[in-house]
Amino acid sequence: MNDKKIYIGNFDIMITIYKSTRVQSETGSPVETDVEILKCWASKEYKSTNKELDNQIVAANFVEYSIYFHPDLERENIQDLIIDDNGRKYEIFGFEPVGREQFYILNTQLRE
């Protein structure tokens, strides 16, 4: 469990969490679509770093979102979820509960 202090006054951006799923189109071919799971207020903290890839420095855009606890997220496979933050898409690669079902910290990376 994470002991990070979260202040609800910092929840100043509205995000939408989507689940990426495959459905069948009218022609029978599989189509990937996003289904809205949750729309909520969040705080955002940048955790960007530079990584070396093939002898080049590449910026990795990591962002940590804090949100209120929501039971719908407990039922989802976290790797299938995407955050839409004002048109920018972030893939969720991990989450940590904070407190006793009070908050989540969502670890994300900018989707290229």
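Since this is a predicted model, take the numbers as computed values, not measurements.

Participant: Whenever I open this one, the sheet that holds strand β8 (residues 103–110) confuses me. Can you help?
Facilitator: Within a sheet, adjacent strands bond to each other through the backbone by hydrogen bonds, running parallel or antiparallel. The antiparallel closed barrel is built from six strands, whose spatial order is β1-β2-β5-β8-β7-β6. The average angle at which neighbouring strand axes cross in this sheet is 45°, direction not considered. Bridge analysis of strand β7 (residues 88–98) against β8 gives eight bridges, and the strand direction is antiparallel. Paired with proline 97 across the strands is tyrosine 104, a residue of β8.

Participant: When you look at the packing of aromatic side chains in this model, what are you seeing that I'm missing?
Facilitator: Aromatic rings considered in pairs are described by the distance between their centres and by the relative angle of their planes. Under the defined criterion, the tally for this structure stands at seven aromatic pairs. Plain terms: the ring middles of phenylalanine 69 and tyrosine 104 are 5.3 Å apart, the flat faces sit at 40° to each other, and that makes the pair tilted. Taken as a pair, phenylalanine 69 in the loop between β5 (62–68) and α1 (71–74) and tyrosine 104 in strand β8 lie far apart in primary sequence, 35 residues in all. Connected via pairs of aromatic rings, a cluster forms that spans Phe11, Tyr68 and Phe103.

Participant: Hey, could you run me through the side chain of glutamate 76 in this one?
Facilitator: Here glutamate 76 is to be found in the loop between α1 and β6 (81–85). Of note is the side chain of glutamate 76, whose polar atom sits 3.1 Å from the side chain of lysine 19. If sequence neighbours within four positions are ignored, glutamate 76 has contacts with Lys19, Ile37 and Leu81.

Participant: Which parts of the structure should I look at to understand unusual backbone geometry?
Facilitator: Glycine aside, residues mostly have negative phi angles, and peptide bonds mostly take the trans form. In the Ramachandran plot, asparagine 86 falls in the positive-phi region, its phi being about 55° despite a non-glycine side chain. The residue asparagine 86 is located in the loop between β6 and β7 in this model.

Participant: What am I meant to see in the environment of lysine 44 here?
Facilitator: As for its placement among the helices and strands, lysine 44 is situated in strand β2 (residues 30–46). For lysine 44, a relative accessible area of 29% corresponds to the partly exposed category. With 62 residues separating them along the chain, lysine 44 and leucine 106 place their C-alpha atoms 9.6 Å apart. Residue contacts for lysine 44: discarding those within four places in its chain leaves Ile13, Val63, Glu64, Tyr65, Asp85 and Tyr90. Polar side-chain contacts of lysine 44 include one of 3.1 Å to the side chain of tyrosine 46. A distance of 2.7 Å separates a polar atom in the side chain of lysine 44 from a polar atom in the side chain of aspartate 85.

Participant: What is the right way to look at the pattern of salt bridges in this model?
Facilitator: Pairing between side chains of opposite charge can happen when the charged atoms of each approach one another. Scanning the model with the defined rule gives five salt bridges in all. A salt bridge links aspartate 85 to lysine 44; its shortest N-O distance comes to 2.7 Å. Within this pair, whereas aspartate 85 is found in strand β6, its partner lysine 44 is found in strand β2, the two being separated by 41 residues in sequence.

Conventions used here
- Residues numbered from 1 in each chain as written.
- Predicted model: local features only at pLDDT ≥ 70, side-chain atom pairs only at ≥ 80, totals over all residues.
- Heavy atoms only, no water.
- Pairing = 2+ DSSP bridges.
- Helix = DSSP H or I, 4+ residues; strand = E, 2+ residues; numbered from the N terminus.
- Axes fitted to C-alpha atoms, helices over the stretch in contact; angles between N-to-C directions.
- Phe/Tyr/Trp six-rings, centres within 6.5 Å; stacked < 30°, edge-to-face > 60°.
- Polar contact = N/O pair within 3.5 Å; in protein donor to acceptor, adjacent residues only side chain to side chain.
- Contact = heavy atoms within 4.5 Å.
- Buried < 20%, exposed > 50% of the residue type's maximum accessible area, 1.4 Å probe, protein only.
- Salt bridge = Lys/Arg side-chain N within 4 Å of Asp/Glu carboxyl O.

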